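Examining the three-dimensional arrangement
Here is how the chains run, residue by residue.
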Amino acid sequence: MTANVESSVSGLTPEIGQLLENLVEAAKSCFGDDLASVILYGSGAEGRLRITSDLNLLFVLRKFEQGRVDAFREPLRVARVAGKASAMFVLEAELPAAAEAFAVKFDDIGRRRRVLYGADAIARLTIPRAAKIARLQQVVLNLSLRLRERYAAVGLREEQLAGVIAEMSGPLRAAAATLLELEGAAFSSPKEAFEKFVESTKDEKTAQVPNYITEARRTHALPPGAAGSVMFQLMVLAEALRLRAERLA
């Protein structure tokens, strides 16, 4: 149901709640019977939106038809501008394959989601352990490559590096959560999973990285001179995640 969307997810502002309600109503109008469900996931589902956060939405459709999508483009554009809404469109028939191919992302959606309309399409998904391990290795390797490229490209501007750190924190936290889940460890959130992972490395140089990430996400800035070092520490942690994932295979 879309009524009182903002009250169904603690921590959302009334403005974001209204934005979600408007977008879901638009999706229902535009897609009609082709709309199976709308799911809010990530930090928005936790009620922990930050200045750097996207409002992540999964639209599960039965068909993706041009005319209906064209009608939805303007409401989505408004939501992107007003609330940094980011939409993923998955066909209902594709869900099992998508969950296996993007196991870390769907693992994270499974942990942090709120159904805004329709059925809980994620609840019935089962992701094979082998797929999680393989995808985890790919994700953290890709993160290492992206971190290196971003440092080389924007490293002269510390404020831009702080933005990169905030952006990369979500995938790193999700990867740490999938790793700890595969290892059988308990945690309450991807944020806590990442903190536990960093602590488990027993590396004094990376010990403060979770605090820097929190600051970058909250303010989009870090203390002068810190961002470059934090970027390299993130590279160290991404490599440690990859090696731990390899040991699970």
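Every chain is numbered on its own, with residues counted from 1 as its sequence reads. Local features in a predicted model are, by the rule used here, given only for residues with pLDDT of at least 70; side-chain atom pairs are given and counted only at 80 or more, and totals for whole chains, interfaces and linings are based on all residues. Only hydrogens and water are removed before side-chain values are computed, so all heavy atoms of the structure are retained for them.

**Let's talk about the overall build of the protein chain**
A tally of helices and strands in the protein chain yields 11 helices and 4 strands. On the principal axes, the C-alpha backbone points of the protein chain span a range of 55 × 40 × 30 Å. Look at the contacts in the protein chain between residues 6 or more apart in sequence, and 72% of them connect residues 24 or more apart. Per-residue and other accessible areas follow the Shrake-Rupley method at a 1.4 Å probe size, with only the shown protein chains counted as cover for residues. Taken as a whole, the protein chain presents about 12100 Å² of accessible surface, with 51% of it coming from carbon and sulfur. Only DSSP runs of H or I with at least four residues qualify as helices, and only runs of E with at least two residues qualify as strands; both kinds are numbered from the N terminus onward. Two residues form a contact once any of their heavy atoms are found within 4.5 Å.

**Some points on the packing of helix α7 (residues 129–154) against helix α8 (residues 158–183)**
Axes are the key here: two packed helices are described by the angle between their axes and the distance separating the axes. Viewed as axis vectors pointing N to C, α7 and α8 meet at an angle of 165 degrees, and their least axial separation amounts to 10 Å. By the angle between their axes, α7 is roughly antiparallel relative to α8. Remark: the crossing between α7 and α8 carries left-handed chirality. Judged by residue contacts, Arg129, Lys132, Ile133, Leu136, Val140, Leu143, Arg146, Leu147, Arg150, Tyr151 and Val154 of α7 engage Gln160, Leu161, Val164, Glu167, Met168, Pro171, Leu172, Ala175, Thr178, Leu179, Glu181 and Leu182 from α8. Of the residues belonging to the contact of α7 with α8, the class tally is 15 nonpolar, 2 polar and 6 charged. In this analysis an axis means a line fitted to C-alpha atoms, helices contributing only their contacting stretch, and an angle means the value between N-to-C directions, from 0 to 180 degrees. Roughly parallel refers to an angle under 35 degrees, roughly antiparallel to one over 145, roughly perpendicular to one between 65 and 115, and oblique to any angle outside these ranges. Left-handed describes a crossing in which the near helix is turned anticlockwise from the far one by less than a right angle; the clockwise case is right-handed. For this classification, Asp, Glu, Lys and Arg are treated as charged, while Ala, Val, Leu, Ile, Met, Phe, Trp, Tyr, Cys and Pro are nonpolar and the rest, including Gly, are polar.

**Quick look at the sheet that holds strand β1 (residues 35–41)**
Note on sheets: strands pair through backbone hydrogen bonds, and any given pair is parallel or antiparallel. Spatially, 4 strands are ordered β3-β2-β1-β4 in an open sheet, and the strand pairing comes out mixed. Two strands in the sheet have a free side with no partner beyond their single neighbour: β3 (85–91) and β4 (113–118). Each strand axis lies, on average, 20 degrees off the axis of its neighbour in the sheet, ignoring direction. We treat two strands as partners when DSSP finds at least two bridges between them. Here β1 pairs with β4 via 5 bridges, running antiparallel.

**Some points on the pairing of strand β2 (residues 55–61)**
In terms of burial, β2 is a largely internal element, 7 of the 7 residues being buried. The buried label goes to any residue with under 20% of its type's maximum accessible area, the exposed label to any with over 50%, and the partly exposed label to all in between, with areas taken from a 1.4 Å probe on protein chains only. Across the two faces of β2 the burial is the same, with Leu55, Leu57, Phe59 and Leu61 and Asn56, Leu58 and Val60 all buried. Summarising the sheet, β1 and β2 pair through 6 bridges and their orientation is antiparallel. From the neighbouring strand, leucine 40 faces β2, where its bridge partner is leucine 57. In terms of strand pairing, β2 meets β3 through 7 bridges, oriented parallel. The residue bridging phenylalanine 59 from the neighbouring strand is phenylalanine 89, located in β3. Call a crossover right-handed when, viewed with both strands pointing away from you, the route from the first strand across the helix to the second goes clockwise. The β-α-β motif built from β2, the intervening helix α4 (residues 66–83) and the parallel element β3 has right-handed crossover chirality.

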